[in-house]
Amino acid sequence: MLPALERRHDVLALTLPGHAGGPPAPSPLADELLVEAVEAAMDDAGWRSAHLVGNSLGGFVALQVASRGRADTVTALAPAGGWAPGDPAVTATLEHFVTMQELLRSAASQAEAIVASPEGRRRATRYTTVNFEHIPAELLAHQLRGVVGCDALAPLVEHGMREGWELDAERIACPVRIVWGAEDVLVPWPSAAVRFREEWLPNAEWVVLDGVGHCPQLDVPLETAELILGFTT
């Protein structure tokens, strides 16, 4: 989506601590680690506030940053953290990430070979998109290696299981648009959005995309860019 967004905005696409290519994450993890990392990146860019966009964990972090008064708008793509209290899907979903990383450790060296065929590209995008034919093979190989390079994955999962997910939603004063793929198999609609819909952000603008999976920015990048730009300009 970057080319479309950069035609109208200055864009800062940051990598969170502990993720592949990002700064190392300290041990133990602090509650505010990811939020403070985003704020520090904004400070370095000279931005007091910005239009924030995030997917999954990034969507939840964007909303946390907004609760600290540093967002002009938030477009959250299938944000994490919205499961109903006690929903067993939380544990299953978080454990899935650990299992996926373990499996990919042995496969990452063959990333290019895996995504060289349509069948391999379909398998590589099973949990992220419905539409995959347009996604460059080199991007999918990069993502497979990126999962393995996310050193903070297990600590973040442990932290999430131990501490749960809380959002100071009453302090979010900016407009919020939440975009969810109706075919999301990783953070399913609508069960994984219960707290956002009923407790935290019932007055947010909601967009549900038919035939789209967990990562709209990969699945339907042009449509997703327009959903962002239509909210920020």
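A few points on the structure. Remember, it's a predicted structure, so these values are computed and weren't measured experimentally.

Compared with an ideal rise of 1.5 Å per residue, which puts 12 residues at 16 Å, helix 11 (residues 221-232) spans 16 Å between its outermost C-alpha atoms and is within 8% of the ideal. For helix 11, the complete set of buried residues consists of Thr224, Ala225, Leu227, Ile228, Leu229, Phe231 and Thr232. Of the surrounding secondary structure, the elements contacted by the buried residues of helix 11 are helix 1 (2-6), strand 1 (50-55), strand 2 (71-77), strand 3 (176-181), strand 4 (205-209) and helix 10 (216-219).

On to the sheet that holds strand 3. Sheet architecture is open: 4 strands sit in the order 1-2-3-4, paired in parallel fashion. Two strands close off the open sheet at either side, each with one partner strand: strand 1 and strand 4. Neighbouring strand axes in the sheet, compared pairwise and without regard to direction, differ in orientation by 15° on average. In this structure, strand 3 lies alongside strand 4, joined through 5 bridges in parallel fashion.

On to the packing of helix 2 (residues 33-45) against helix 3 (residues 57-66). Following both chains from N to C, one finds helix 2 and helix 3 inclined at 70°, their axes separated by 9 Å at the closest point. Between helix 2 and helix 3, the angle falls in the class roughly perpendicular. Helix 3 is crossed by helix 2, and the crossing has right-handed handedness. For the pair helix 2 and helix 3, contact is made by Leu34, Val35, Val38 and Met42 and by Leu57, Val61, Gln64 and Val65, respectively. Class assignment of the residues belonging to the contact of helix 2 with helix 3 gives a composition of 7 nonpolar, 1 polar and no charged.

Procedures and definitions
Residues numbered from 1 in each chain as written. Predicted model: local features only at pLDDT ≥ 70, side-chain atom pairs only at ≥ 80, totals over all residues. Heavy atoms only, no water. Helix = DSSP H or I, 4+ residues; strand = E, 2+ residues; numbered from the N terminus. Expected span 1.5 Å × (residues − 1). Buried < 20%, exposed > 50% of the residue type's maximum accessible area, 1.4 Å probe, protein only. Contact = heavy atoms within 4.5 Å. Pairing = 2+ DSSP bridges. Axes fitted to C-alpha atoms, helices over the stretch in contact; angles between N-to-C directions. Parallel < 35°, antiparallel > 145°, perpendicular 65-115°, else oblique. Left-handed = near helix turned anticlockwise from the far one by under 90°. Nonpolar A, V, L, I, M, F, W, Y, C, P; charged D, E, K, R; others polar.

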